[in-house]
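# Fold and geometry: a report
Given next are the chains, with one letter for each unit.
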Amino acid sequence: MTDLLKTSLNRRTVLQAATVGAVGVSPALRALVHAQGSDAPEKKEVKIGFIPLTDCASVVMASVLGFDKKYGVTIIPTKEASWAGVRDKLVNGELDFAHVLYGLVYGVHLGTAGPKKDMAVLMSLNNNGQAITLSKALADKGAVDGPSLAKLMAKEKREYTFAGTFPTGTHAMWMHYWLAAAGINPLSGAKLITVPPPQMVANMRVGNMDGFCVGEPWNHRAIMDGIGITANTTQDIWKDHPEKVLGTSAEFVKKNPNTTRAVMMAVLEASQWIDASLSNKMKMAETVAGKAYVNTSVDAINQRILGRYQNGLGKTWDDPNHMKFFNDGAVNFPYLSDGMWFLTQHKRWGLLKDHPDYLGVAKQINQIDLYKSVASAMKINVPKDVMRSSKLLDGVVWDGKEPAKYADSFKIKA
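Residues numbered from 1 in each chain as written. Predicted model: local features only at pLDDT ≥ 70, side-chain atom pairs only at ≥ 80, totals over all residues. Heavy atoms only, no water.

### Focus on the overall build of the chain
Filter applied, for reference: Here a strand is any run of E in DSSP of at least two residues, a helix any run of H or I of at least four, and the numbering for each starts at the N terminus. Both definitions apply: the radius of gyration is a C-alpha atom measure, and the globule rule equals 2.2 Å times residues to the power 0.38. A simple rule labels every residue: compare its accessible area, found with a 1.4 Å probe on the protein chains alone, to the largest value its type can have, and call it buried under 20%, exposed over 50%, or partly exposed in between. Residue contacts are defined here by distance: any two heavy atoms, one from each residue, within 4.5 Å place the two residues in contact. Methods summary: accessible areas were calculated by the Shrake-Rupley approach with a probe of 1.4 Å, and residue burial reflects only the protein chains presented. His is not counted, nor are the chain ends, whereas Lys and Arg count as positive and Asp and Glu as negative. By convention, the charge on Lys lies at NZ, on Arg at CZ, on Asp at CG and on Glu at CD.
Regarding its fold elements, the chain presents 21 helices and 14 strands. For the chain, whose C-alpha radius of gyration is 21 Å, the value lies close to the compact-globule estimate of 22 Å for 414 residues. For the chain, the C-alpha atoms occupy an extent of roughly 75 × 45 × 35 Å along the three principal directions. When burial is assessed residue by residue, the chain has 59% of its 414 residues classed as buried. Across the chain, the fraction of contacts at a sequence separation of at least 24, relative to all contacts at a separation of at least 6, is 77%. Here the chain has roughly 16,000 Å² of accessible surface; of this, 52% comes from carbon and sulfur atoms. Taken as two groups, the 48 positive and 38 negative side-chain charges of the chain have centres that lie 1 Å from each other.

In structure tokens, the structure reads:
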């Protein structure tokens, strides 16, 4: 870039230009969005709700780095107080899109998480990077993981309280799964409550719960504040598990297909940017730590996004399966089996009375064809299969093939 050109651009434009260059996006791609069937976005300004969590980063950075403008839209990131608030605003149209829990979108679609409305999962935003935190008080008594917690609960009988962030959401399901894998029935052997993510640490500090499952940075924050320890990361429960998604209503996609594509492209490019380098991750941590977003110190965020973990008891390790936002496109593909897994757990824990049409529901919600068209335009790798296979921490394999049988196979269930 020449000195003359540098002086003719403001700092933000230079940053955008440098960023685009770093990710290797071709100039042809920029034209493509507007070349496909004369498709200017129907809605130029979109509100995307988010909860103060590290994994809101791709939505935030798409706006901060100006990727949205490149595709003809302006993203307004809107900070929300709770997942119930995100749900309500998605349903009534106050929000156009949201950084949202996978299981929340499925719960709304089926009417198990409040008002029923046809919903859409456009893409996954991240894999991994959540954790289960136990209170320091429990750790001091030897409960530092699932088996030792079960032992303590059997010995010292009282009501034990654990928190998730939304009844049909990922954290509630990880907490249920983790407790059950240790032989603890989360329905009869413990009390489960719902607490918004940013309020987890404060609630544990005053003794409102014995443990919680939440996204970062709140697990690491509990360690920094000396009130909790990390018993397990969620990638220990399921390596490369689906986590937050870019969600909206089916109605919005139908009415605004070009806007939807433009937003997906901006968020995908931000996902690529975050995972492209160490310095990008650090820049992201500095940005999302700000008051307008997560509102915490940068050091609460930047360690775990680099895979540098500590458990609060002196153990430190480098985790290659830390939070990822792109991973050469593997993160973002909305696998049907990922959505179906949440349905199997909703059935397992009595949130669904009968077996749904697992595959049919996932095909309605997960916008596979739309995602493929966007990924293809951006030359992003797309997996051959819409299903994937994983072994979870209890040794049980999930591959999406016999969902009803899988849901019924667990010893501990509703």
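### Comments concerning the pairing of strand S1 (residues 45-50)
Stated precisely, the cut-off is as follows: The criterion for strand pairing is that DSSP finds at least two bridges linking the strands in question.
Both S1 and strand S2 (residues 74-79) contribute to a ladder of 6 bridges, which runs parallel. Residue pairing across strands places Phe50 opposite Lys79, the latter belonging to S2.

### Quick notes on the sheet that holds strand S6 (residues 161-164)
So the rule is basically this: What counts as an axis is a line fitted to C-alpha atoms, over the stretch in contact for a helix, and the angles between N-to-C directions run from 0 to 180 degrees.
The sheet built from 5 strands is open, its strands ordered S7-S6-S8-S5-S9 with mixed pairing. Each end of this open sheet is capped by a strand with a single partner; those strands are strand S7 (191-194) and strand S9 (228-233). Strand-to-strand twist across the sheet, computed as the mean angle between neighbouring axes with direction ignored, equals 30°. As defined by bridge partners, S6 adjoins strand S8 (residues 211-215) across 2 bridges and the pair is classed as parallel. The residue bridging Ala163 from the neighbouring strand is Phe212, located in S8. Sitting on the sheet, helix H10 (residues 170-181) is in contact with strand S5 (130-135), S6, S7, S8 and S9, with an inclination near 135° to S8.

### Topic: the sheet that holds S1
Read across the open sheet, the 5 strands follow the order S2-S1-S3-S10-S4; overall the sheet is mixed. Of all the strands in the sheet, the pair left with one neighbour each is S2 and strand S4 (119-124). Strand-to-strand twist across the sheet, computed as the mean angle between neighbouring axes with direction ignored, equals 30°. The sheet strands contacting helix H4 (residues 57-64) are S1, S2 and strand S3 (97-101), and the helix crosses S2 at an angle near 135°. Along the sheet face, helix H6 (residues 83-92) touches S3, S4 and strand S10 (244-249) and points at about 140° away from the line of S3.

### Quick look at the nonpolar core
Nonpolar side chains tend to gather and get buried jointly when the protein is soluble and globular. Convention followed: Throughout this description, the term nonpolar core refers to a set of buried Ala, Val, Leu, Ile, Met, Phe, Trp, Tyr and Cys residues connected via side-chain atoms within 4.5 Å.
Grouped together as the largest cluster of nonpolar side chains are 129 residues, with contacts concentrated most on Leu149, Leu246 and Trp341. The biggest single contributor to this core is helix H15 (residues 257-276), with 10 residues. When residues no more than four places from it in sequence are discounted, the contact partners of Leu246 are Ile48, Phe97, Ala98, Ala120, Val121, Leu122, Met123, Leu125, Val263, Met264 and Val267.

### Some details on the packing of helix H18 (residues 336-348) against helix H19 (residues 358-365)
What counts, and what does not: Roughly parallel means an angle under 35 degrees; roughly antiparallel means over 145; roughly perpendicular covers 65 to 115; every other angle is labelled oblique. By definition, turning the near helix anticlockwise from the far helix through less than a right angle yields a left-handed crossing, and turning it clockwise yields a right-handed one.
Two elements in contact, H18 and H19, have axes whose closest approach is 9 Å; the angle formed by their N-to-C orientations is 125°. Judged by the angle between their axes, H18 and H19 are oblique. In this structure, H18 crosses over H19, and the sense of that crossing is right-handed. Of the residues in H19, those touching H18 at Leu336, Met340, Leu343, Thr344 and Lys347 are Tyr358, Leu359, Val361, Ala362 and Lys363.

### Remarks on the packing of H15 against helix H16 (residues 278-288)
Note the cut-off: Note on residue categories: nonpolar means Ala, Val, Leu, Ile, Met, Phe, Trp, Tyr, Cys or Pro, charged means Asp, Glu, Lys or Arg, and polar means any other residue, Gly included.
Put simply, H15 and H16 touch, their axes get as near as 5 Å, and they point 115° apart. Comparing their axes, H16 and H15 come out roughly perpendicular. For the pair H15 and H16, the contacting residues are Trp273, Ile274, Asp275 and Ala276 in the first and Asn280, Lys281, Lys283 and Met284 in the second. Looking at the contact of H15 with H16 residue by residue, the class counts come to 4 nonpolar, 1 polar and 3 charged.

### Side note on unusual backbone geometry
In this structure, Pro217 follows Glu216 across a cis peptide bond, with omega equal to 15°. In this structure, Pro217 sits in the loop between S8 and helix H12 (218-224). A positive phi is found at Asp240, a non-glycine position, where the angle reads about 60°. Structurally, the position occupied by Asp240 is in the loop between helix H13 (234-237) and S10. Its identity as a non-glycine residue notwithstanding, Asn295 has a phi of 60°, on the positive side. Topologically, Asn295 is positioned in the loop between H16 and helix H17 (298-301). According to the relative accessible area criterion, Asn295 is partly exposed, its value standing at 45%.

### Side note on the packing of aromatic side chains
Convention followed: Stacked, tilted and edge-to-face are the three classes applied to pairs of Phe, Tyr and Trp rings, where Trp contributes its six-membered ring and a pair requires centres within 6.5 Å; stacked means planes under 30 degrees apart, edge-to-face means over 60, and tilted covers the rest.
Scanning all chains against the criterion turns up 16 aromatic pairs. Taken together, a centroid distance of 5.9 Å and an interplanar angle of 50° make the contact between Phe50 and Tyr293 tilted. Of this pair, Phe50 sits in strand S1 while Tyr293 sits in the loop between H16 and H17, placing them 243 residues apart in sequence. The two residues Phe50 and Tyr293 agree in class, both being buried. Taking the centre distance of 5.1 Å and the plane angle of 85° together, the rings of Trp341 and Phe342 count as edge-to-face. Of the two residues, Trp341 and Phe342, both sit in the buried class.

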